[in-house]
Amino acid sequence: MATTGEPVTADIQPVRHSVRDRVLWLSTAMVHWANNVRPNPDGSKVGGHQSSSASSVAILSALFFETMNGADRVAIKPHASPVFHAIQYLLGSLPASYLERFRGFGGLQAYPSRTKDPDQVDFSTGSVGLGAPATAFGALVRDYMATHGLPPSSGRFFSHIGDAELDEGSVWEAVAEPALEGLDRCVWIVDLNRQSLDRVVPGIRVERFRKMFDVNGWAVIFAKYGEELTELMDRPGGQALRGRIDDMSNEEYQGLLVVPKADVRERLLSGAGSLRQDISRCIADVDDDELVRRIANLGGHDVGTLARCYGEASKVPGPAVVFAYTVKGWGLQSAADPRNHAALLNNDQFRQIADKMGMPADEPWQKFEKGSAEARYLDAAADRLMRPPSEPEPPLHFNETNLSVPGTSSTQDAFGRMLVELDRTSPESGGRIVTVSPDVATSTNLASWINRASVWSRQELPDYLGFAQRTVKWLNRPAGRHIELGISETNLFLLLGQLGLSEGLSGRRLIPIGTVYDPFIARGLDPLMYGLYQESRFIAVATPSGVSLSSEGGAHQGVITPSLGISLPGITYYEPCFARELEWIMLEAVRRIGRGKGESVLLRLSTRPVDQRLFPPGEGEVGNDDLRQAVLGGCYRYRSAMPGADAVINMFAVGAMIPEALASLDMLAEEGIDANVFIVTSPDLLFRRFSDACRQEAEGVGEGPFDPTGLLSPGEAGLPMVTVIDGHPHAMSFLGAALDCPSVNLGVESFGQSGSRTDVYRHFGIDARGIYAAALGLVDRETVRKR
């Protein structure tokens, strides 16, 4: 632990103050403009967190103007977005027109966004508690690349976070993550304003946080007091003043900043006890205005102090955290007010700030005069932050594969074999594949891959347990291509997201593949969405899935993943049944990611063994190439009903339910019912077809019969339809509306229980007899309706 608060060189201090204050002015003006100047037809509050931004002004000024270089990457506290954009404007990276469009459509986003903001944002933030861990995993990706002969273009990773973000479990899951041991050049900066959204945070919690970081190998550095307060504490009696402020509760300190200036002295003295006399001597010749200014002069508002702290944190072995003590609303009328989080300056208050800073309230976007000391200071920072131009990596090429599986095999088994096949057939591009798992590698069928690729570690570890002689060779090497995490789905998706952004952040493209039990995707949903929002590209493998994992019971039988796969933007969800389907889907996925194109992919796989002879041979109705494109497109016709049946239904089945659907056909035939059977490899892509068709119809583009699947023959639309999936039936329920079909949607609508597949399938009505009964009842209902 270190505490830094020494004075800085005098000649630079006025420039630092001037630039810092201009950042405060611009960020405050951006929010004011959005709420009070820009036309707002519906009168809704625009917001913008002026007080939370203000506490971060010096923190980010020291980071951008004096610390970072072009190789460094940074995540910004969400509510400090205006400060970030004000800094980019002063550095010449953002046109002035954007400052008038904060939180406006097509303008600056409410929170920093990699994909939607016009200036260079490294990490999207907004969901608190994710930006900081993302930088730690980004630094891990940098280290991984370096050990694999892929020199990274990134250097240090910084994260600026609000102190209330330390309430988020995601922060501590990352701090305690074993895979992050040995990490360096990663610095978190905590804006310690001791306020959250609704309150002053009770108690002095920073000491507890310090211990938690320390025990996990993080260096802890404090930027507690600024120059003016430090100078006061160096006077006779100053140690007593330091002790008095150090021992104050958060609430008492904040109270000093909001009471009338004339009351501050007495408040300091009244609770001082035996320190009263020394404190009185220390502040005797300080008037009320100066006393308030000095008491509020914390290290988090002193650019020089912060810059030295950042430099020290960058050099320590291992990761580091800097606690920067600040005042929320610093420099504004709302400073330290316990309800200032959403407060906005009114017009009178804004003009008071303008007068105080000597700025024109009606033309707020003033830069420094060319040639001034401030302009030269900013030019030097802009030069240092310049990133060298980089060319996109050429596409990674993957050859055709020839996956071999047993005659009866599951998609989970085929997945493990396919990883090895990709590496065997395309060794150069296969070397970019990196797998990740939260302590379930072998139970998600990564054992053969790990035997081939080894486990990644920063140094080669001795094989004390004799893994080299075992079936699963768990050998830890810098060249390893599997990263095993602790049991944290949050960390899994944070790391997957950063691996999928490796080209944008560190200059080289990787192909990340992460495995996790299907029901536990819900644990990592927030960081999964965080990665997709940033347009990260990876393959997430949810396996084993559904009640097909029968003996494991309801806690391990996932239900909602299909609905999530359809609903989540930026990811394509597949649920194949056959090994050949999986082979085509995986090969297409790694090719697209290898080209830096397309979306992430979610594979929902099963442990249910399926007779691979059921897969169509690629002859007859569709040829092999057409069948492959249909599989990749999300759905294909498996068989057509024969002429002469008493009734015909359309049957759509997904994944592990295909054998049950096919087994129901003989029972239906005995009732004179035949079926057009469609195998759905991606309910997600099928839904997208429906949405696109509806959009085209609304625009008057579509012609002919409305068939968003593109699979039906004349007369087949409107037939009774049954869908079945080992998941919530909601995932397939849109098809009835899409095809104007009376329908029954079968699936799993409650938590499961242990048992054989036969028993569990029967319990949920998704076995062959359940499908038969649903189809028979539907046909009977339609017969009665048409009479």
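Residues numbered from 1 in each chain as written. Predicted model: local features only at pLDDT ≥ 70, side-chain atom pairs only at ≥ 80, totals over all residues. Heavy atoms only, no water.

*Asks:* Which parts of the structure should I look at to understand the packing of aromatic side chains?
*Replies:* Geometrically, a pair of aromatic rings is defined through the distance of the ring centres and the angle of the planes. According to the stated counting rule, one finds 21 aromatic pairs in the structure shown. Relative to Phe-734, the ring of Phe-687 lies with its centre 5.1 Å away and its plane at 85°, an arrangement referred to as edge-to-face. Here the residue Phe-687 occupies a position in helix α27 (residues 683–698), and Phe-734 occupies one in helix α28 (residues 734–738), the gap between them amounting to 47 residues. What makes Phe-734 buried here is its relative accessible area of 10%. Taken together, the aromatic side chains of Trp-172, Trp-188, Phe-209, Phe-213, Trp-218, Phe-222, Phe-323 and Tyr-325 make up a single cluster linked through ring pairs. Lying across the ring of Tyr-89, Lys-367 places its NZ or CZ 4.6 Å from the centre. (Phe/Tyr/Trp six-rings, centres within 6.5 Å; stacked < 30°, edge-to-face > 60°. Helix = DSSP H or I, 4+ residues; strand = E, 2+ residues; numbered from the N terminus. Buried < 20%, exposed > 50% of the residue type's maximum accessible area, 1.4 Å probe, protein only. Lys NZ or Arg CZ within 6 Å of the ring centre and 35° of its normal.)

*Asks:* Looking at this model, I keep getting lost on helix α1 (residues 13–37). Mind explaining?
*Replies:* Because the α-helix completes a turn every 3.6 residues, residues three or four places apart line up on one side. If you check α1, its first and last C-alpha atoms are 34 Å apart, about what 25 residues at 1.5 Å a residue would give, namely 36 Å. Counting buried positions along α1 gives 19 out of 25 residues, so the element sits mostly inside the fold. (Expected span 1.5 Å × (residues − 1).)

*Asks:* Sorry, what's going on with unusual backbone geometry here?
*Replies:* In most cases, non-glycine residues show a negative phi, while peptide bonds are predominantly trans. Omega for the peptide link from Thr-543 to Pro-544 comes to -5°, which places this bond in the cis form. Looking at the element boundaries, Pro-544 is found in the loop between β13 (539–542) and α23 (561–567). In the Ramachandran plot, Asp-439 falls in the positive-phi region, its phi being about 70° despite a non-glycine side chain. Looking at the element boundaries, Asp-439 is found in the loop between β8 (433–437) and α19 (447–453). Exposure remark for Asp-439: the relative accessible area of 45% places this residue in the partly exposed category.

*Asks:* Just to check I follow, could you spell out the sheet that holds strand β17 (residues 635–639) for this structure?
*Replies:* Think of a sheet as strands paired side by side through backbone hydrogen bonds, with each pair either parallel or antiparallel. Taken in spatial order, the five strands of this open sheet run β17-β19-β18-β20-β21, and their pairing is mixed. Both edges of this open sheet fall to β17 and β21 (743–746), since each of them pairs with a single strand only. Taken over all neighbouring pairs, the strand axes of this sheet differ in orientation by 20° on average, direction set aside. Taken together, the eight bridges between strand β18 (residues 647–654) and strand β19 (residues 673–680) define a ladder with parallel strand orientation. Within the sheet, the bridge partner assigned to Val-648 lies in β19 and is Asp-674. Of the strands in this sheet, β17, β18 and β19 touch helix α26 (residues 658–670), which is tilted by about 165° from β18. (Pairing = 2+ DSSP bridges. Axes fitted to C-alpha atoms, helices over the stretch in contact; angles between N-to-C directions. Contact = heavy atoms within 4.5 Å.)

*Asks:* Please explain the pattern of salt bridges as it appears in this structure.
*Replies:* If the charged atoms of two oppositely charged side chains come close together, the side chains can form a pair. Per the stated rule, a full pass over the model turns up 46 salt bridges. The shortest N-O distance in the salt bridge between Arg-276 and Glu-266 comes to 3.8 Å. Taken together, the residues Arg-276 in helix α12 (residues 276–282) and Glu-266 in helix α11 (residues 261–270) connect sequence positions 10 residues apart. The class for Arg-276 is partly exposed, based on a relative accessible area of 34%. Here the salt bridges share partners, and the residues they tie into one network are Arg-142, Asp-143, Asp-184, Arg-185 and Arg-458. (Salt bridge = Lys/Arg side-chain N within 4 Å of Asp/Glu carboxyl O.)

*Asks:* Can you walk me through the confidence of the model for the protein chain in this structure?
*Replies:* Predicted coordinates in areas of low pLDDT are best not read in detail. For the protein chain, the average pLDDT comes to 91, and 95% of its residues sit at 70 or higher. Within the model, pLDDT remains below 50 along residues 1–8, and this stretch shows 29 contacts once partners closer than five positions in the same chain are excluded. For residues 196–200, every residue scores under 50 in pLDDT, and the model assigns this stretch 14 contacts once sequence neighbours within four places are set aside. (pLDDT = per-residue confidence, 0-100.)

*Asks:* Is there a simple way to explain the environment of Pro-576 in this structure?
*Replies:* Mapped onto the secondary structure, Pro-576 falls in the loop between β14 (571–574) and α24 (579–594). The spatial distance from the C-alpha of Pro-576 to the C-alpha of Ile-725 is 11 Å, given a sequence separation of 149 residues.

*Asks:* Is there a simple way to think about a negative patch on the surface in this case?
*Replies:* Residues Asp-666, Glu-670, Glu-671 and Asp-780 make up a contiguous surface patch of negative charge. Within the secondary structure, Asp-666 sits in helix α26. (Patch = residues over 30% accessible without salt bridge, like charges linked within 9 Å, V, L, I, M, F, W, Y side chains within 5 Å. Areas by Shrake-Rupley, 256 points an atom, 1.4 Å probe, with all protein chains shown as cover. Lys, Arg positive; Asp, Glu negative; His and termini not counted. Charge placed at Lys NZ, Arg CZ, Asp CG, Glu CD.)

*Asks:* I tried to follow the pairing of strand β6 (residues 320–325) on my own but got confused; where do I start?
*Replies:* Side-chain direction in a regular strand flips from residue to residue, so the side chains alternate between the two faces of the sheet. Of all six residues in β6, six are buried, a share of seventy percent or more. Burial of β6 is two-sided: the residues Ala-320, Val-322 and Ala-324 facing one way and the residues Val-321, Phe-323 and Tyr-325 facing the other way are all buried. Across six bridges, the pairing between strand β4 (residues 186–192) and β6 is parallel. Note that in β6 the partner of Asp-191 across the bridge is Ala-324. Across five bridges, strand β5 (residues 219–223) lies against β6 in parallel orientation. Across the sheet, Ala-219 pairs through a bridge with Ala-320, a residue of β6.

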